[in-house]
Amino acid sequence: MLTASDLEINVLEFRQRSFQFDRLATLDDEEYAVFSRTETESESQFRPRLVHLHLVVPLAWVVLDEANDSLRIAKDGVTAPPHLIETVVEVGAEPPQFKEQGIEWSRTSGPAGAHFYGPSDRSERLFSPEGHAALGV
């Protein structure tokens, strides 16, 4: 399993974006790695807003992809999925549920331009007020 220092010096690739490690958190006896990213909502708008993205991943799923010098998500905690290049979609245009790297994910919106990603099978608990408080998002 990776340490906090491993997570701090590498970025995690998710949805064709790079996320920086924020913190480790525990919820329901499971340790999670919390990653974040801030980007501009849409360059085509007259006054684009900043969008804050938070990605919550069970720590056991995060693996180091040494060949690409980045962190990847592997549900088995061992096998990094192949590196795919796809078209980036604006966060607001993404479906609330999708499959990424062989895992079902959910996205929900929060206050002040925040969006939260988490595994679908844990999303109800992760996205609850108690989950957000425990995860520090």
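The preceding data block contains the structure.
Positions within a chain are numbered from 1, following the residues in the order the chain's sequence is written. Predicted model: local features are reported for residues with pLDDT of at least 70 only, side-chain atom pairs are reported and counted for 80 or more only, and whole-chain, interface and lining totals are derived from all residues. By convention in this description, side-chain values take in all heavy atoms of the structure and omit both hydrogens and water.

Engineer: Which residues make up the pattern of salt bridges, and what are the values?
Structural biologist: Only one rule defines a salt bridge in this text: a Lys or Arg side-chain nitrogen within 4 Å of an Asp or Glu carboxyl oxygen. Applying the stated criterion to the full structure yields eight salt bridges. Where arginine 125 meets aspartate 28, a salt bridge forms, and the shortest distance between an N and an O atom there is 2.9 Å. Of this pair, arginine 125 sits in helix 2 (residues 123–126) while aspartate 28 sits in the loop between strand 2 (17–27) and strand 3 (30–40), and the two are 97 residues apart along the sequence. Accessible area is worked out with a 1.4 Å probe on protein chains only. A residue is then buried under 20% of its type maximum, exposed over 50%, and partly exposed in between. On the basis of relative accessible area, arginine 125 is assigned to the partly exposed category, the value being 35%. Put simply, arginine 72 and aspartate 65 hold a salt bridge, and the shortest N to O gap is 3.2 Å. A single burial state applies to arginine 72 and to aspartate 65, both of which are buried. Among the ionic contacts, a cluster of salt bridges with common partners joins Arg17, Arg37 and Glu39. Under the scheme used here, helices are H or I runs from DSSP no shorter than 4 residues and strands are E runs no shorter than 2 residues, and both carry numbers assigned from the N terminus.

Engineer: Any chance you could break down the nonpolar core for me, citing the residues and the numbers?
Structural biologist: In this text, buried Ala, Val, Leu, Ile, Met, Phe, Trp, Tyr and Cys residues form a nonpolar core when linked through side-chain atoms within 4.5 Å. Within the largest apolar cluster, 22 residues are counted, with the highest numbers of intra-cluster contacts made by Leu7, Phe14, Phe35, Leu55, Val62 and Ile73. Among the elements that take part in this core, strand 4 (residues 50–58) stands out by supplying four residues, more than any other. Note on contacts: a residue pair is in contact if any heavy atoms of the two residues lie within 4.5 Å. In contact with leucine 7, not counting residues within four places along its chain, are Leu2, Phe21, Leu24, Ala33, Phe35, Leu59, Val62 and Leu71. Judged by nonpolar contacts, the second largest core, of 10 residues, contains Ala25, Tyr32, Val56 and Phe127.

Engineer: Could you give an account of the environment of glutamate 39, with specific residues and numbers?
Structural biologist: As for its position among the elements, glutamate 39 is in strand 3. Beyond its immediate sequence surroundings of up to four residues, glutamate 39 is in contact with Arg17, Arg49, Leu50, Val51, Leu53 and Val91. Any pair of nitrogen or oxygen atoms within 3.5 Å is treated as a polar contact; in protein, a donor-acceptor pairing is required on top of that, and neighbouring residues in sequence qualify only through side-chain atoms on both sides. A polar contact is formed between the side chain of glutamate 39 and the side chain of arginine 37, at a distance of 2.7 Å.

Engineer: So what's going on with the pairing of strand 7 (residues 97–100)? Which residues, and what values?
Structural biologist: Residues Phe98 and Glu100 of strand 7 are buried on one face, while the alternating residues Gln97 and Lys99, pointing to the opposite face, are not. Pairing between strands is defined by DSSP: at least two bridges between them are needed. As defined by bridge partners, strand 7 adjoins strand 8 (residues 103–109) across four bridges and the pair is classed as antiparallel. In the strand pairing of strand 8, glutamine 97 is matched with serine 106. Remark: two residues form the turn of the hairpin made by strand 7 and strand 8, two consecutive strands paired antiparallel; glutamine 101 in that turn has positive phi of roughly 55 degrees.

Engineer: Lay out unusual backbone geometry in plain terms, naming residues and giving numbers.
Structural biologist: Even without being glycine, aspartate 28 reaches a positive phi, approximately 55 degrees. The phi dihedral of glutamine 101 is positive, around 55 degrees, even though this residue is not glycine. Inspection of the secondary structure assignment puts glutamine 101 in the loop between strand 7 and strand 8.

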